[in-house]
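Next come the chains, spelled out residue by residue.
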Amino acid sequence: MQLPIYLDNHATTPCDPQVMEVMQPFFTKFFGNPSSRHHVFGAQAGEAIEVAREQVASLIVAAPKEIVFTGCATESNNLAIRGLIEASGKSHRHVITAATEHHSVLESCKHLERLGHQMTVLPVDRYGLVDLQKLQDAFRPETILVSIMMANNEIGTIAPIAEMAAITHERGALLHSDLAQATGKIPIDVKKLGVDLASIAAHKIYAPKGVGALYIRSSVPSIRLSAQMLGGGQERQMRSGTYNVPGIVGLGKAAQLCQELMKDEATRIERLRNLLFNSINEALPEVVLNGHPTQRLPGNLNISLPGIESEKILTAFRKEMAISSGAACTSASSEPSHVLRAIGLQKELIHCSLRFGIGRFNTEEEIIYAAKRLNEERQRIWKQN
Ligand SMILES: *Cc1c(COP(=O)(O)O)cnc(C)c1O
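Residues numbered from 1 in each chain as written. Predicted model: local features only at pLDDT ≥ 70, side-chain atom pairs only at ≥ 80, totals over all residues. Heavy atoms only, no water.

**Some remarks on a nonpolar patch on the surface**
Short version of the rule: Here a patch means residues that are over 30% exposed by relative accessible area and free of salt bridges, tied together within 9 Å if like-charged and within 5 Å if nonpolar (Val, Leu, Ile, Met, Phe, Trp, Tyr). We get accessible surface area from the Shrake-Rupley algorithm with a probe of 1.4 Å; when it comes to residues, only the shown protein chains can shield them. What makes a salt bridge here is a side-chain nitrogen of Lys or Arg within 4 Å of a carboxyl oxygen of Asp or Glu, nothing more. Counting from the N terminus, the helices are the DSSP runs of H or I reaching at least four residues and the strands are the DSSP runs of E reaching at least two.
Among the surface-exposed residues, Phe31, Val40 and Phe41 lie close enough to one another that they form a single nonpolar patch of about 300 Å² accessible area. Position of valine 40 relative to the elements: it lies in helix α3 (residues 40-59).

**A look at the nonpolar core**
For clarity, the threshold we go by: Each nonpolar core is a collection of buried residues, namely Ala, Val, Leu, Ile, Met, Phe, Trp, Tyr and Cys, held together in the definition by side-chain atoms within 4.5 Å. Three labels apply to residues, based on accessible area from a 1.4 Å probe with only protein chains included: buried if under 20% of the type maximum, exposed if over 50%, partly exposed otherwise in between. Boundaries of every domain are those given by an automatic assignment or by a domain database. Whether two residues touch is decided by their heavy atoms; if any such pair falls within 4.5 Å, the residues are in contact.
By size, the foremost hydrophobic cluster in this structure holds 68 residues, and its most contacted members are Ile60, Ile67, Phe69, Leu135, Ile161 and Leu251. Shared between two domains, this core takes at least three residues from each, and those domains are domain 1 (5-13 + 262-384) and domain 2 (17-256). For isoleucine 161, the residues in contact, after removing those within four places along its chain, are Ile148, Met149, Met150, Leu175, Ser177, Leu193 and Val195. Counting residues in hydrophobic clusters, the runner-up holds 27 residues, among them Leu284, Met321, Ile367 and Ile381.

**Considerations on the pairing of strand β8 (residues 212-216)**
Applicable threshold: Strands qualify as paired when DSSP identifies two bridges or more between them.
Of all 5 residues in β8, 5 are buried, a share of seventy percent or more. In β8, alternate side chains face the same way, and those of Gly212, Leu214 and Ile216 on one face and Ala213 and Tyr215 on the other are all buried. Note: strand β2 (residues 67-70) against β8, 4 bridges, orientation antiparallel. Counterpart to phenylalanine 69 in the pairing with β8 is alanine 213.

**Structural notes on the side chain of threonine 70**
Quick reminder of the rule: Polar contacts here mean pairs of N or O atoms no more than 3.5 Å apart (in protein, one a potential hydrogen donor and the other a potential acceptor; neighbouring residues in sequence count only if both atoms are side-chain atoms).
Along the polypeptide, threonine 70 turns up in strand β2. At a separation of 2.9 Å, a polar atom in the side chain of threonine 70 contacts the side chain of serine 76.

**Notes on the site of the ligand**
What counts here: Only a single heavy atom is needed: when it lies within 4 Å of a molecule or strand, its residue is near that molecule or strand. Three categories are distinguished: nonpolar for Ala, Val, Leu, Ile, Met, Phe, Trp, Tyr, Cys and Pro, charged for Asp, Glu, Lys and Arg, and polar for the others, with Gly belonging to the last.
Residues in close proximity to the ligand total 13 residues, the closest being Thr74, Asp178, Gln181, His203 and Lys204. In this structure, alanine 73 approaches the ligand through a main-chain N or O atom, which is 2.9 Å from an oxygen atom. In this structure, glutamine 181 approaches the ligand through a side-chain N or O atom, which is 2.7 Å from an oxygen atom. When the ligand is considered free in solution it has 380 Å² of accessible area, and contact with the protein chains removes 89% of it. Here the residues of the shell around the ligand are counted per class, giving 5 nonpolar, 6 polar and 2 charged.

These figures come from the coordinates and say nothing about function on their own.
Structure representation (structure tokens):
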């Protein structure tokens, strides 16, 4: 086993070596611009993009033509939310979202609010779930979009998207779902879920950073989005800019690997997660589990160790173990986690929260080590207090 141990797979994942291998030739040999279709360099790159489109579509049971490649899930979220409202061509539209969404969703909605539209931010319960009755009650005649994520990046809670889609469609609105954490980790069938728009991030599924995708349902009634990036008209005018060919090829391969490995991988990772939690719980029965006890991502563990400031744990583990926290000290905005606040976690427990993200390359040995070291550090810090 090698140190440091990487247990922050919700923040980003390493590239799978198999992903790297298929990307490599697209930097050097097949470096063409897919828009230069009149020569073989461009045509080869263009064909590779279409293979990747099929692979990504297949992972979420979509049609290839329903996939638009973007620069990241942040961009996909912006395109879905701002693009839909803008294309509706009317002022005073209404969007519904939830308090635990990713900042790229919340900020996109806030931006629309500044432009004269309206937003409702639904509260969540202690597990991070939206009350379906509250969702029903939030609709207004001007509501055209609901944006609710499938799996939360901090607490791992998985939302009942199919039920939300049914409610949304009954009220004549569309459902966008941020799938950045859910894709490749749990089975997704966009048709069965009934989502109209869905965002994907490559670097959360063992492909490189700087690539994403947006699923746009193609069946009638058709969805119109205003492009947020104007220029050469790539991706059927939806997303201009020269294709990140290696990145897209990598995303495609990563999607294919996830599809192949998902079942066994989820079982293995969930077992490691439970092993980690049980070891911590045995040594410290007061440990608080944040998020839903069962409806959660297999690799997610979010806990609070009462009385043990997470900052101290993270400092102690800086060179040894990569984990994260919802405490203010670790976030870019230096604000405590809006997700942990939304589930009503007390300030002190937010301050003591730790997030473990277990992924494809973690081993049982690493998990046993992490649990042992956490216990040692916790006791050391406790004695200092
Ligand atoms: C990582 C993440 C994003 C942002 O993805 P980028 O590709 O980094 O922009 C959006 N939503 C969720 C839930 C995420 O985990």
